[in-house]
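Descriptive analysis of the structure
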Amino acid sequence: MCGVVGYVGPRDAVPVLLDGLTRLEYRGYDSAGVAVLNGRGVETRKLAGRIAALRGRVAQDPIHGTCGIGHTRWATHGAPTERNAHPHADCTAALALVHNGIIENADLLRAQLERAGHRFATETDTETLAHLIEAAAGDTLEERVIAALARVEGTYGLAVISDADPQKIVVARRGSPLLIGVGGGEYLVASDASAVLAHTRSVVYLDDGDVAVLTPEGYRVLDGDARPQERNVDDLDWDLETLALGSHPHFMLKEIFEQPEVVRQTLRGRLMGADGTARLNGLNLAAGQCARIRRIVIVACGTSWHAGLVGRSILEELTGIPVEVEYASEFRYRRPLRVQGTLTVAISQSGETADTLEAIRAARAAGSMVVGLVNVVGSSIAREADGGIYLHAGPEIGVASTKAFTSQIVALLLLGLHLGRRREQLDVKEGQRLVAALRALPDLVARTLELDPQVRELATRYADARNALYLGRGVNFPVALEGALKLKEISYIHAEGYPAAEMKHGPIALIDEDMPVVFIAPKDHVYTKVVSNMQEVRARGGRIIAITSEGNGDLRHLADHQLRVPACPPLLSPVLTVIPLQLLAYHIAVLRGCDVDRPRNLAKSVTVE
Ligand code: G6P
């Protein structure tokens, strides 16, 4: 949700911190701050607002130092004000601390600290940590951090500097991601690889329970008892260019247009034409384990949950295994069922969504195998799962997820193909047909994007809508949910997605000539049923936008607008039908003057429950 960055080395830390925060801004953007050790003590600049404003503040009132920390915030405790912005200080401002996560026993700790004479300046749970470290015993900052954290319940990814320990950053992780960037004679810490990529490709992913000490001489990783730990240095395979906007006005549009290449990347090296199957090396499921699967439970949140719903149709059809799709936040608090032969599939772009992470822990505790369909390499879910499929979609910066959704569906198709062939639910011929269809998909995605001018025109007609209804059936019902989610996330128009037939049980009451109704109706076995539902809307004067496919019947007599995606096998169709809906949401949001890449109140990666 929030972003943490830190730098220690020979350079002035402030520009490095501000650049890192700019890269992290997509994670949280209501307030921001930096603090450095300037040789005399800790100096801090912070404000309510964006990183650009923080740059302005620092330019007017500069601070300098070669060791510093920074933060961009998405408020949980306390309003997004300057006072509540990170870094936070102890009573004497001798230390500064930034923190992602939530301190669950903050109220209790605060009361104890106040009784002991500590004076709090903010309403945040984070400030408690600063005072706890101030009060803790220890000769070094790391000893005091370890002692303080022993009293803390909750989650954290934190970085702290202190004037008593110059040229040193101490960081700690529990439940909120942190990595160390290892440069030549300089070290960075960040909650997300994007903040270090401009400086180094070598990173150390910290584990929960790790405390690390960064100085210009090197870094050390310790456990909660200050015992040294060995951690691998990994290589980042992201390209710096993928983090830049290039010629696009917004990351969301850039990412929508990346989808042909993204689909290609998700498929790369995984399709086996002759055998009609998919090679999924990272899945770590032996043939015997595949054969023993009796039930699949998909856990996810947000857009990834919608991909999971598409996955239910895909996996049931290709593998014959019953599939349940659960909101991770609901699943984790239900009584866990021990069902022999359960495979839990976690779907997550970031690999850090707190509820999804806890859901896989609950599933594992109930005896399930766990695989992850994750985009961010080295993320918590990727590391905790028994195996998985990396999406290889590249970094997704726009808060509204687009390319991750299509790549998740492609990964689910690969999983279905792999399991279906292993379990002999699909024969070679059927497998080969699916492989061929998947190979053709990137070009079909590219052709679908050619609808953009038409969608842009359509957006001008509906930019003032106050509500919208999205209807689909079967494998395209989740696409209706996703289309509605995209519109409400970035344009703030109220939108609902419904199974088309279910409309008669309520939403039909809302239909009048001011209500745009988007139907997702490609050629499949429920097409004629969806057309009947269109008649019902037409009869009540609703405005119909039909997403249909080439070669399907003409819907002009029923629909006010018709957008045709290329024809493809029905199970693959969500990869195409969602694209005009992404574009529609995008163009409407732009016309309404909304901040497309940083919609209000949302966060890219929800690391608190
Ligand atoms: C947030 C994001 C969504 C995303 C959801 C799940 O709400 O804004 O775009 O779909 O989290 O995130 P994940 O990283 O687990 O896919």
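This write-up is about the structure you can find in this document.

About the thresholds
- In this convention, every chain numbers its residues from 1, walking through the sequence in written order.
- With pLDDT at 70 or above as the cut-off, local features in this predicted model cover only qualifying residues; side-chain atom pairs require 80 or more to be listed or tallied, and sums for whole chains, interfaces and linings still use all residues.
- Side-chain numbers here rest on the full set of heavy atoms in the structure, without hydrogens or water.
- Here, proximity means that at least one heavy atom of the residue falls within 4 Å of the molecule or strand.
- What qualifies as a polar contact is a pair of N or O atoms within 3.5 Å, subject to a donor-acceptor requirement within protein and to the restriction that residues adjacent in sequence count only when both atoms come from side chains.
- The helix count covers DSSP runs of H or I at least four residues long, the strand count covers runs of E at least two residues long, and both are numbered beginning at the N terminus.
- Only strands that DSSP links by at least two bridges are regarded as paired with each other.
- Here the axes come from fitting lines to C-alpha atoms, over the contacting stretch only for helices, and the angles between their N-to-C directions go from 0 to 180 degrees.
- By definition in these notes, contact holds between two residues if any of their heavy atoms fall within 4.5 Å.
- For Phe, Tyr and Trp, rings pair up if their centres lie within 6.5 Å, where Trp contributes its six-membered ring, and each pair is then called stacked (planes under 30 degrees apart), edge-to-face (over 60) or tilted (otherwise).
- Between buried and exposed lies partly exposed: a residue is buried under 20% and exposed over 50% of the maximum accessible area for its type, with that area taken using a 1.4 Å probe on protein chains only.
- Positive charges are assigned to Lys and Arg, negative charges to Asp and Glu, while His and the chain termini are left out of the count.
- Any carboxyl oxygen of Asp or Glu within 4 Å of a side-chain nitrogen of Lys or Arg constitutes a salt bridge here.

Around the ligand, 13 residues are found, and the nearest of them are Ser304, Ser348, Gln349, Ser350 and Thr353. In this structure, Gln349 approaches the ligand through a main-chain N or O atom, which is 2.7 Å from an oxygen atom. Val399 has a polar backbone atom sitting 3.3 Å from an oxygen atom of the ligand. When residues of the shell around the ligand are assigned to their parent elements, the largest contribution, 3 residues, is made by helix α9 (residues 302-319).

What follows concerns the sheet that holds strand β27 (residues 561-565). The parallel open sheet is built from 5 strands, whose spatial order is β24-β23-β25-β26-β27. For this open sheet the edge positions go to β24 (494-499) and β27, each flanked by a neighbour on one side alone. The average undirected angle you get between the axes of adjacent strands in this sheet is 20°. By the bridge criterion, 6 bridges tie strand β25 (residues 516-521) to strand β26 (residues 543-549) in an arrangement that is parallel. Residue pairing across strands places Val517 opposite Ile544, the latter belonging to β26. Contacts from helix α15 (residues 452-462) reach β25, β26 and β27, with the element oriented near 150° to β27.

Below, the discussion takes up the packing of aromatic side chains. For the structure shown, the criterion picks out 2 aromatic pairs. When the centroid spacing of 3.9 Å and the interplanar angle of 15° are considered together, the rings of Trp305 and Tyr327 count as stacked. One end of the pair, Trp305, is in helix α9; the other, Tyr327, is in strand β19 (residues 323-327), with 22 residues separating them in the sequence. Overall, the relative accessible area of 11% leaves Trp305 in the buried class.

Our focus in this paragraph is the side chain of Ser407. Tracing the backbone through its elements, the reader meets Ser407 in helix α13 (residues 403-422). Once you skip the residues sitting within four places of it in the chain, Ser407 turns out to touch Val262, Thr266, Leu391 and Ala393.

Looking now at the environment of Gly33. With respect to the helices and strands, Gly33 occurs in strand β2 (residues 31-37). For the pair Gly33 and Leu21, spaced 12 residues apart in sequence, the C-alpha to C-alpha distance is 9.0 Å. Beyond its immediate sequence surroundings of up to four residues, Gly33 is in contact with Leu21, Arg45, Lys46, Leu54, Ile69, Gly70, His71, His86 and Pro87.

Between His86 and the following residue, Pro87, the backbone shows a cis peptide bond with an omega angle of -5°. Relative to the helices and strands, Pro87 is located in the loop between β4 (67-73) and β5 (88-89). A positive phi angle, near 55°, is found at His392, a position not held by glycine. Relative to the helices and strands, His392 is located in the loop between β22 (387-390) and α13. A positive phi angle, close to 70°, is found at Asn601, a residue other than glycine. As for its placement among the helices and strands, Asn601 is situated in the segment after α18 (573-591).

Turning next to the side chain of Glu255. Inspection of the secondary structure puts Glu255 in helix α6 (residues 251-257). The side chain of Glu255 sits in the buried core without any salt bridge; Lys403 is the nearest counter-charge, 4.9 Å away. A polar side-chain atom of Glu255 sits 3.2 Å from the main-chain amide nitrogen of Gly398.

Everything listed is a geometric property; what it means functionally is a separate question.
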